[in-house]
Amino acid sequence: PAQAAGKKVFALVPKALGVPFYAAAEKGCHTEAAKIGAECLFTGPAQLDDAEQVRIVRDLITRKVAGIAVAPNNPDSIAGAISAALDAGIPVITFDSDAPNSKRIAFIGTNNEGGGETAGAEFAKRLPHGGTYAVLTGGLSAANLNDRIKGFKSKLGPDFKEVAGSPFSCDDDSDKAVQIIQDVLTRYPHLDGIFYSGGWPMFAPAAYTRAVKKRAADIRKGKFVIVSFDTLPSQLKLLHEGLATVLVGQRPYAMGVDSIEQLNTLSGGGKVPPVTDTGTDVVTRANVVAFMKKQ
Amino acid sequence: MAVLLSVKSITKSFPGVLALRDVSFDVEAGTVHAVMGENGAGKSTLMQVIAGALRPDSGQLVLDDKPLTLSGTRDALRHGIAIVYQELMLAPNLTVAENVFLGMEPRAGGVLVDRGTQRERTAATLARMGVGIDPDHRLGDLPIAQQQLIEICKALVHEPRLLILDEPTSSLSEADALVLFRVVRDLRAHGVTILYITHRMREVFENCDTVTVLRDGQHVRTVPLAQTDQDEVVRLMVGRDLAGVHRVRPSEGDRPVRLAVRGLGDGGRYRDISFDLHAGEILGLAGLVGAGRSELVMGIFGAPPAPEGTIALDGRAVRIRRPADAMRLGLGLVPEDRKQLGLVLGMGVGANLSLSAMRLGRISRAGFVNPLAESGMVGRYVDRFRIKTPSVDQLVGLLSGGNQQKVVLAKWLATEPRVLIVDEPTRGVDVGTKAEIYGLMRALARDGLSILVISSDLPEVLTISDRILVMRAGALAGEIGFDEASEERIMALAALEHAHQGQSAEPTAA
Amino acid sequence: MSSAAAAEGTRRSIAARAFRSREAGIIIALAIMIVGLSAFAPDFATSDNLLNDARNFSFVGICVLGQAMVMITGGIDLSVGSVWGLTAVSSAALMAAGLPTVIACLLALLAAAAIGLFNGLCVTKLRMPPFVPTLATMSIARALALVITRGRSIDSFRPDGDAFFALGGGSTFGLPNPFLVFLVLSIIAGIVLSRSVYGRQLYAIGGNERAARLTGLSVDRLKISVYVISAITGGIAGIIEVSYLSSAISNQGLGKELSVIAAAVIGGTALTGGEGSVLGIFVGTVILEILRNGLVLMGTDAYWQGVFVGSVIVLAVFIDQVRKGFWRTR
Amino acid sequence: MSSAAAAEGTRRSIAARAFRSREAGIIIALAIMIVGLSAFAPDFATSDNLLNDARNFSFVGICVLGQAMVMITGGIDLSVGSVWGLTAVSSAALMAAGLPTVIACLLALLAAAAIGLFNGLCVTKLRMPPFVPTLATMSIARALALVITRGRSIDSFRPDGDAFFALGGGSTFGLPNPFLVFLVLSIIAGIVLSRSVYGRQLYAIGGNERAARLTGLSVDRLKISVYVISAITGGIAGIIEVSYLSSAISNQGLGKELSVIAAAVIGGTALTGGEGSVLGIFVGTVILEILRNGLVLMGTDAYWQGVFVGSVIVLAVFIDQVRKGFWRTR
Ligand SMILES: Nc1ncnc2c1ncn2[C@@H]1O[C@H](COP(=O)(O)OP(=O)(O)OP(=O)(O)O)[C@@H](O)[C@H]1O
Ligand SMILES: Nc1ncnc2c1ncn2[C@@H]1O[C@H](COP(=O)(O)OP(=O)(O)OP(=O)(O)O)[C@@H](O)[C@H]1O
Ligand SMILES: [Mg+2]
Ligand SMILES: [Mg+2]
């Protein structure tokens, strides 16, 4: 059908469906595809599942799409499928998270570790004397989140102490994320900061507001630092209300756009840079208003 | 004669129940030894102890003068003791042959089932019993009567020295019972000892040598049948004299037709059945197992509704699509198979009793059960039927067979029906209770209740019926009035040569 | 022992005293947990924390009520988690589309009920094993939630005033509203199951469907009703969660069917039908939540938490079995 | 109709003809799917694609074999997905630690078997409903997998040569190795279930446990064995997947218990026990995989896919019911 339609079909394979982050990437993918008169096929595993993702990529090869951009759940397990695609003459690039040891032609995005380092730097800057902190993550085995956390910690000096039980996993569930924050703040009322490797708790503004109510003043005073990944609208709103300190955002929309653009070039026989850094947004209360306008 | 097995002061109790109290008696080798007693007297419990299915709290079994301690039923089999339980103990999803050899499968190459042998030996044993059932037939598809025969076959393949039969005839028709008796005599001839439980006096006196009577879990007496008679045995069982049940001539004068059935049929199991049931009449429905009586009444009750024919109640034609309709019209059906169709074994006596009445708002207001009314009603029926249970909350599944039957009857009478259909009303019920149930049915009939009684127990049909219909191979074979009624006539109609089967007798509408 | 349990099950519906003893084991297990946690995690017994817990387990708890009714009839409803999600996003979407809160919620619940109806019809009219249609609707409802949100979160909706947000976030008499909803529904369910003709019939169906049918119970209609109820409870949980989170996302309630069924089973509801009581499932629900909460408060290593959760589940049920054992043999 | 199904179920083991007819309905459903897909997705019927599918459904398929045996005895095993994951990571970890491939795999399988044993003991000796211990081990095994990997993926392991990787990635006689493993295990399971004493006794337990017990079957030992087998099949799937992905991560097999049970149920295995055949579950497994594969090939909107999956599951079982219906009434 790809050929039948006459249009080139480029596939964008996220780590999992139903994640706002990739929804943004999909948006970019579709807009760009429309622009160049191609078709964007957005498909991926229902939940974070690397074996499932490999199968889907193989299916896409069978379907002879014009190019594949994938955000590997597991860089090693995807490698085989990527080689298979290239053997079948289908260009493959990775976005959001990379598979450096694979044959992928290019990577688009900020690698998560880099993003994590940015976040870590911001965190450390605001807590010059160090302190105790907790990490909230989506899934203990999600490679990209673990990279972010790795990067984050790499920027923390020796006088930072992670509390017992951290990293806390919320299984990408906003409700559970908020519950965990409640629990953590109950257990460690004098915590100095929290790092969210993804925006889950902040996707539930009202509940989140209630959860951090007790420390809201501290956040505004800078006594309690909250650094979170992602810059989705609800997060920006919360940041604006002073319920977070720093947001570190990757640019999913840009990733979607660039992916199609590069796949198009490649399928036309062109060349692309091996790594395209879509960069990170660092949003603080200072520039949040401007940033919201820009969006 | 030599004593094969002696039971020495066996005691067994269950939560809240002392089922056996210091029971002792001897069983002589090569005899057919009857064990009798009222429902709940402890017969089955005792048998299960002897068969290794239950461990006694105290007491001792002695086999061939050697003390015998059984680790389980397998162990018992190894000692040559086989039992046919009162309830079917078969896996419906397996074939006849697989059930017969369950746990003792003949093996091919160590691990695989030797199907050939299994099938042949099953067929052989069934042949020896004189029953023609396909060993490869799925058990669950057979009617209970035949499943019962399979149970017996299952016990026989192991060539036991002591065979325990716990109410084997309770779900057999006269004809199948005869098969069984032949087998029993045959076994005795080969020196096999048989412990035989039944509530049917006649069977005992026709087939057994000795009788042991239990009452309330205690041994009353063991006596050669030659030295006793029915009345004495009954007295021993019940502890008092019983007014014998006699036939009662139906009151003269034509009673209005309550239930009129015309041309009812499902094309197979029963065909073109027509009859009238009058107000206050007890109509017997006799026939061999497989005659299709159960299917017929199920058809009347709408489970499933009969595709052909019409039903009229008090002259008004009625459509009965499901049991609920039938109930609303004042019909009640006490089914043949109490475990599968009659009771919720996992619920208490009380809950079972009130289940049907509940729906008719007898003991509920605005959709909510009125606990007082409920316990009141339950109490009444438990007393009225002398249901032997530690409490109304006792699981029905833990009651003795006969007491379960009483619960089913009570459950339906609680709906105060106008037409009551009873499929095998006294299956597994003791003489005393039988008499009560007959009396009860008569009383109800006198108050205008119309009763249709299916029974494979000829004396029973004769005793209680005002009029008897006989079914054969799915069709009405004929009707027998009160005065002409006799076992011979019934059997004659029920078991006619199969040449005639298929064609149905002319409607017997008045 | 399952039969012994059933015995109690029925006794409960007749004598309130035995009712208590039926759940004694699992209640003991809960008590032990609470004592242990209060000892090892000083913050556990704080009213703040307990109120948080009360709010948190209410969402699942509400679903368990419906699930238990399905299980009592011998069925199972896998779709509850997805129905939860679908109702959540569709109610939010409808509000975002400008419908009045109440209308939006009712429509969303109607959709949930429709799914329950579909499950019920498949189980009764088409004679499917309950696992099949509910598995199917589990996948369908989740997909529909995705279709509605296209993976984005819906938070732009502004229901008339913030009254709606109070439903999930607010408190009354110091008790979180979701908990109150759960409490009220539990009481209703408890009375219905133990005292109403309807409830008693559900137990009968679970105990012996053929007998129930022959006793004139309209088995099909009763069964359909429980699947509808289960779906609606899932929907209620979803809507309350939306109001609690003030935003809806397609993966709400993802995988919750397992926690829901687990809570019911731990609470003594039998997958084979005919058994189960509201008190039991209430306790089962609480155990699961304070377990999660307690592990965090005790600062257990994140990677090990699953081990504790599993062990406690087995232990809780073990204690229950032991007690039943003693109860049986005395 | 379940009895009708069982009727066939048993007949199968006697007359091969009826055997076919037992699964006829579900096979028809599969046929329809294949025809439909070949029509709408030209790439579907290519040998490449079919071989891919064969490889893909083998992992779940192997687990279904064990699961079916558990279900035939009337039980259920929720832990299979987690055991899959645990075995995967532990085998990889052991290889990474330098153990010879075979030893590493055997040790990993031993761990799996231990979990199965635990499940079996809880079900039999402690009389727990199968749902409880297997739910617990589901959580425990997953956690242990996390503990082993600390969330990272294990890929540094270099088994002796790449022979190990051939197990999952390679092919023999043009057929993918995992498929061959699945095929062989299926044949063995088929014979065991339909012909062996052991197999028939499993059916007996599912059909009437009390009768089986009173007939002297060692019910407990038989039940324990099926849980061990189920765990081992889960482990085998995990190890083969590791060799296929040439890397292990703790969330392997996550949520697979559902696909596994679904495949068994769609294949006609009854959750109530006593029913089920290898041919049936084989077909059930295939249906689920080619469904997933077909949807991608047809380029269905990712968000809608769940809707199709659900619908097809219901349809497949519906066709099966219809056929049985006809079969019953003729
Ligand atoms: N498993 C059990 N648990 C509790 N009580 C039991 C159990 N089995 C039997 N009983 C009780 O023990 C007593 C004797 O039961 P048993 O079945 O031996 O009577 P029976 O003589 O066989 O009666 P029937 O003629 O009706 O079969 C009855 O009161 C019965 O309720
Ligand atoms: N001995 C038999 N041989 C063949 N089929 C039988 C036999 N007994 C029962 N059946 C099957 O069951 C059907 C009717 O059985 P049913 O139980 O209705 O007989 P019945 O007259 O009710 O006997 P009872 O009620 O005494 O068991 C028959 O049409 C047949 O299909
Ligand atoms: Mg008895
Ligand atoms: Mg009959």
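Note: the structure precedes this text.
The rules behind each value
- Residues numbered from 1 in each chain as written.
- Chains lettered and ligands numbered in written order.
- Predicted model: local features only at pLDDT ≥ 70, side-chain atom pairs only at ≥ 80, totals over all residues.
- Heavy atoms only, no water.
- Helix = DSSP H or I, 4+ residues; strand = E, 2+ residues; numbered from the N terminus.
- Rg over C-alpha atoms; globule rule 2.2 N^0.38 Å.
- Buried < 20%, exposed > 50% of the residue type's maximum accessible area, 1.4 Å probe, protein only.
- Contact = heavy atoms within 4.5 Å.
- Areas by Shrake-Rupley, 256 points an atom, 1.4 Å probe, with all protein chains shown as cover.
- Donors = N, O, S within 2.8 Å, 3.2 Å for Na, K, Ca; no water.
- Tetrahedral: all angles 85-135°; square planar, octahedral: opposite > 155°, others 65-115°.
- Least-squares fit on C-alpha atoms with pLDDT ≥ 70 in both.
- 1 Å grid on protein atoms, 1.4 Å probe; cavity = no way out; pocket = protein on both sides within 12 Å on 5 of 7 lines; lining within 4 Å.
- Points joined across faces, edges and corners; volume = space filled by probe spheres on them.
- Nonpolar A, V, L, I, M, F, W, Y, C, P; charged D, E, K, R; others polar.
- Salt bridge = Lys/Arg side-chain N within 4 Å of Asp/Glu carboxyl O.
- Patch = residues over 30% accessible without salt bridge, like charges linked within 9 Å, V, L, I, M, F, W, Y side chains within 5 Å.
- Near = heavy atom within 4 Å.
- Polar contact = N/O pair within 3.5 Å; in protein donor to acceptor, adjacent residues only side chain to side chain.
- Domains from an automatic or database assignment.
- Phe/Tyr/Trp six-rings, centres within 6.5 Å; stacked < 30°, edge-to-face > 60°.
- Lys NZ or Arg CZ within 6 Å of the ring centre and 35° of its normal.

Participant: Sorry, what's going on with the overall build of chain B here?
Facilitator: Scanning chain B from terminus to terminus reveals 17 helices and 24 strands. Over its C-alpha trace chain B gives a radius of gyration of 23 Å, about what one expects of a compact globule, namely 24 Å for 510 residues. For chain B, the spread of C-alpha atoms along the principal axes amounts to about 70 × 55 × 45 Å. Counting all 510 residues of chain B, 60% fall into the buried class. Sequence-distant contacts, at least 24 apart, represent 68% of the contacts inside chain B between residues at least 6 apart. When the accessible surface of chain B is totalled, it reaches about 18700 Å², and 52% of it is carbon and sulfur.

Participant: How should the coordination of the magnesium ion (ligand 4) be read in this particular structure?
Facilitator: Ideal geometry at a metal centre gives angles of 109.5 degrees when four donors are arranged tetrahedrally and 90 or 180 degrees when six donors are arranged octahedrally. Residue and element names in this part refer to chain B. Surrounding the magnesium ion (ligand 4) are the protein donor atoms Ser-294 (OG), Glu-336 (OE) and Glu-336 (OE), at 1.7 to 2.4 Å. In this structure, the magnesium ion (ligand 4) is coordinated by 6 donor atoms arranged in irregular fashion, with angles at the metal of 55 to 165 degrees. Of the two residues, Ser-294 sits in helix α9 (residues 293-301) while Glu-336 sits in the loop between β18 (331-334) and α11 (338-342), which places them 42 residues apart along the sequence. Look at Glu-336 and you get partly exposed, because its relative accessible area is 25%.

Participant: Can you walk me through the relation of the copies chain C and chain D in this structure?
Facilitator: Two chain copies here: they are related by a rotation about an axis and a translation along the same axis. If you rotate chain C by 180 degrees and push it 0.0 Å along the axis, it lands on chain D with an RMSD of 0.2 Å. Interpreted geometrically, this transformation is the action of a two-fold axis. Closest to the rotation axis within chain C is the C-alpha of C:Thr272, separated from it by 3.9 Å. Taken as a fraction of all interface residues of chain C, those also at the interface in chain D reach 100%, which identifies the copy contact as same-surface.

Participant: I'm lost on the side chain of A:Asp258 in this one. Help?
Facilitator: Among the structural elements, A:Asp258 can be located in helix α10 (residues 252-267). When neighbours within four sequence positions are excluded, A:Asp258 is seen to be in contact with A:Ile108, A:Thr276 and A:Thr278.

Participant: Before we go on, may I ask you to explain empty space enclosed by the protein in this structure?
Facilitator: If you roll a probe as big as a water molecule over the atoms, it shows you where there is empty space left. What the rule picks out here adds up to 9 cavities of 30 Å³ or more. Space inside the largest cavity adds up to approximately 260 Å³. Along the walls of the largest cavity sit 20 residues, with A:Val19, A:Phe21, A:Tyr22, A:Asp172 and A:Trp200 positioned nearest its centre. Here the lining of the largest cavity is built from residues that sort into 11 nonpolar, 5 polar and 4 charged. Taken as a whole, the second largest cavity holds about 230 Å³ of empty space. Around the second largest cavity, the lining comprises 17 residues; the ones closest to its centre are B:Leu77, B:Ile83, B:Tyr85, B:Lys154 and D:Leu214. At 4 residues, helix α2 (residues 73-78) of chain B tops the list of elements feeding residues into the lining of the second largest cavity.

Participant: What exactly am I supposed to notice about the pattern of salt bridges here?
Facilitator: Side chains carrying opposite charge are able to pair once their charged atoms draw close together. Using the criterion set out here, one finds 60 salt bridges over all chains in the structure. For A:Glu52, the salt bridge goes to D:Arg292, with nearest N and O atoms at 3.6 Å. Placement of A:Glu52 in helix α2 (residues 50-62) and of D:Arg292 in helix α13 (residues 278-297) is noted, with the two residues assigned to different chains. You'll find A:Glu52 and D:Arg292 in the same group, each marked buried. Of the charged contacts in the structure, one is a salt bridge between C:Arg150 and D:Asp301, with a shortest N-O distance of 2.9 Å. Of the two residues, C:Arg150 is situated in the loop between α6 (131-149) and α7 (163-169) and D:Asp301 in the loop between α13 and α14 (302-329); the pairing between them involves two chains. For C:Arg150, a relative accessible area of 25% corresponds to the partly exposed category. On the basis of relative accessible area, D:Asp301 is assigned to the partly exposed category, the value being 27%. Counted as one network, the salt bridges with shared partners bring together A:Glu52, A:Arg55, A:Asp59, D:Glu289 and D:Arg292.

Participant: Which parts of the structure should I look at to understand a nonpolar patch on the surface?
Facilitator: Among the surface-exposed residues, C:Val102, C:Ile103, C:Leu106, C:Leu107 and C:Leu110 lie close enough to one another that they form a single nonpolar patch of about 470 Å² accessible area. With respect to the helices and strands, C:Leu107 occurs in helix α5 (residues 101-124).

Participant: Looking at this structure, I do not really get the site of ligand 1. What am I missing?
Facilitator: Residues and elements named next belong to chain B. Taken together, 21 residues lie near ligand 1, and Gly-40, Lys-43, Ser-44, Thr-45 and Gly-402 sit nearest. Between Thr-45 and ligand 1, the recorded distance is 2.6 Å, taken from a side-chain N or O atom to an oxygen atom. Contact with the protein chains covers 89% of the free accessible surface of ligand 1, which is 630 Å². Those elements that provide at least two residues to the shell around ligand 1 are β2 (17-28), α1 (43-50) and α14 (401-413). By residue number, the principal contributor to the shell around ligand 1 is α1, which donates 3 residues. Of the residues contributing to the shell around ligand 1, the split by class is 6 nonpolar, 11 polar and 4 charged. When residues of the shell around ligand 1 are assigned to domains, at least three map to each of domain 1 (3-238) and domain 3 (339-416).

Participant: Help me out: how do you make sense of the coordination of the magnesium ion (ligand 3) in this one?
Facilitator: The coordination sphere of the magnesium ion (ligand 3), as far as protein atoms go, consists of B:Ser44 (OG) and B:Gln86 (OE1), spread over 1.9 to 2.0 Å. In this pair, B:Ser44 is assigned in helix α1 and B:Gln86 in the loop between β6 (81-84) and α3 (96-100), connecting sequence segments 42 residues apart.

Participant: Please clarify how the side chain of B:Thr228 should be interpreted in this entry.
Facilitator: Residues and elements named next belong to chain B. Within the secondary structure, Thr-228 sits in the loop between β12 (218-224) and α8 (230-238). Of note is the side chain of Thr-228, whose polar atom sits 2.4 Å from the side chain of Glu-232. With near-sequence residues (within four places) excluded, Thr-228 lies in contact with Phe-205, Val-223 and Val-233.

Participant: What am I meant to see in the packing of aromatic side chains here?
Facilitator: Geometry of an aromatic ring pair is reported as the spacing of the ring centres plus the angle between the planes. A complete count under the given rule lists 25 aromatic pairs over all chains for this structure. Ring centres of C:Phe57 and C:Phe179 lie 5.9 Å apart, and the angle between their planes is 80 degrees; this geometry places the pair in the edge-to-face category. In this pair, C:Phe57 is assigned in helix α3 (residues 47-72) and C:Phe179 in helix α8 (residues 177-195), connecting sequence segments 122 residues apart. One aromatic cluster in this structure is built from A:Phe123, A:Tyr133, A:Phe152, A:Phe160, A:Phe195 and A:Phe229. Residue placement shows A:Arg215 over the ring face of A:Phe224; its charged tip is 4.2 Å from the ring centre.

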